[in-house]
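Structural overview
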Amino acid sequence: QINEAEAVLFSVPSYACQRRTTLDNCNTTLTDALSLLAENAELSEEDGRGVAFRRAAAVLKALPVRVTAMSQLKGLPCLGDHSLRVIKDILENEASSEVESTKHSERFKALKVLTGIFGVGPRTAERWIREGIHNLHQLRESGVTLNRAQQAGLEHYDDLNQQVTKAEADAIAEIVQKAVDSVLPSAQITLAGGFRRGKQTGHDVDFLITHPEEGREVGLMPKVVSWLESQGFLLYQKVTRNSYLEVNDGPGRPSSNMDRFERCFSIFKLAKREERGTKVTENTVKTKDSVGAHMHSETDQSPPSHSHELDQHDSTNRRWRAVRVDLVVSPISQFAFALLGWTGSKLFERELRRWAGHEKAMSLSSHALYDNKQSRYLRAASEEEIFTHLGLEYIPPSERNA
Ligand code: TTP
Ligand code: MN
Ligand code: MN
Ligand code: MN
């Protein structure tokens, strides 16, 4: 029992990018509750409320002890009235009535299920709900028109809503490395996103691709994607062209934080572990028994096509699974910014940009850092240099889990 007078007060800086947030979280009950309210706000397109709950949760994630009394929260930043009310409710009654009623509301459940489809955002989900569509069955029966992404998302719904493991991410990395090696030797790939922060699972796998010689990366994405497609590794892909140079914002600074790299949203067809062997190269020599993601040459006796239709609807007998993969190509001159921008967490990124703008009069994007006072771009060859430019202590990826 903690005596109020003895309660330890923690000093926590107010920007998440000033803090070290590891994956060890002593306050999961509280942060899960606040994250659920954040998610509900985001699904309802109330982004301001969403960020407020995310910031409150992030402060609790950064604490070295479990919170058991409201007095421990004195002086902590980012805890608004609403978040404090939720925390108090949980500390006193084991659960927050608001969180429980949100979690079990038909609206929240429907928004979760529908936005769980790759290619479906809150706005589309909202529209469908208004049309009486609350679940996948109703969606399939409704006859609404789905775009190509949504069709793939619906088809692979179960796989894509199952967490990707680190082992699967590593297997995908080998495939992407092989693709890159095949089309442009000495191009480099880097695992970004949650896996770079040390997470053991994720909702997708994120890769950055670059080349040590500026300019050599141009045109790389379509070649990588063609190679992957020709080897049967892709169930879906959409490449969006880099428009960074095409956009005319006048001299100097980029107009927004929107990322303009050449990128590919994809769904990989990954052979299951027992099928995969230890190295990708082993897949190339497998023939008779191999299906799915295994590579095959033109002369291969058994192209990986035979039982897909049957496989599709019986995941236990399938020898592959669908995995979401994001690929991003960056020129080497922007690589440090791209890496910082694509490592996350999303809140950490948002806070970095807010810090840059509000505290330093700088604009940070995944491409560059612009100093508004000096009216010039600040170069950086590493993430460390970007933190230095921003006047921040360097926070390694494993401590960016805000
Ligand atoms: P996500 O893959 O959505 O998230 P994550 O990898 O942190 O977590 P999960 O395990 O659920 O996959 O995003 C990875 C990072 O990429 C995140 O910091 C946001 C960033 N990002 C985009 O998603 N889109 C963009 O256009 C830019 C610039 C960055
Ligand atoms: Mn990710
Ligand atoms: Mn995510
Ligand atoms: Mn991603």
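Residues numbered from 1 in each chain as written. Chains lettered and ligands numbered in written order. Predicted model: local features only at pLDDT ≥ 70, side-chain atom pairs only at ≥ 80, totals over all residues.

The subject of this paragraph is unusual backbone geometry. The linkage connecting G344 with the following residue, S345, adopts the cis geometry, with an omega of -5°. In this structure, S345 sits in the loop between α16 (335-343) and α17 (346-360). With phi around 65°, C78 is a residue other than glycine that occupies positive phi space. Along the chain, C78 turns up in the loop between α2 (47-61) and α3 (81-93). A positive phi angle, close to 70°, is found at E94, a residue other than glycine. Owing to 8 C-beta atoms within 10 Å, E94 belongs among the exposed residues under this scheme. (Helix = DSSP H or I, 4+ residues; strand = E, 2+ residues; numbered from the N terminus. Buried ≥ 20, exposed ≤ 12 C-beta atoms within 10 Å, placed from the backbone.)

Quick look at the sheet that holds strand β10 (residues 376-377) now. Spatially, β8-β9-β10 is the arrangement adopted by the 3 strands of the open sheet, whose pairing is antiparallel. Each having just a single partner strand, β8 (362-364) and β10 make up the two edges of the open sheet. Relative to β10, strand β9 (residues 369-371) is paired through 2 bridges, and the arrangement is antiparallel. Note that in β10 the partner of Y370 across the bridge is Y377. (Pairing = 2+ DSSP bridges.)

This brings us to the UniProt feature "binding site: Mg(2+)" (unreviewed entry) in the chain. The UniProt record marks D204, D206 and D326 with the feature "binding site: Mg(2+)" (unreviewed entry), using the residue numbering of this structure. What stands out for the annotated residues spanning 123 residues is how close their C-alpha atoms remain, the widest pair being 7.3 Å apart. Overall, D204 belongs to the buried group, with 20 C-beta atoms counted inside 10 Å. Relative to the helices and strands, D206 resides in strand β4 (residues 205-210). In this structure D206 touches A192, G193, D326 and W342, once residues within four positions along its chain are discounted. (UniProt positions renumbered as here; feature names shortened; annotations may be inferred. Contact = placed C-beta atoms within 7 Å.)

Now for the domain arrangement of the chain. Domain annotation of the chain identifies domain 1 (4-102), domain 2 (105-155), domain 3 (164-332) and domain 4 (333-399). Put simply, the middle of domain 2 and the middle of domain 4, counted by C-alpha atoms, are 36 Å apart. (Domains from an automatic or database assignment.)

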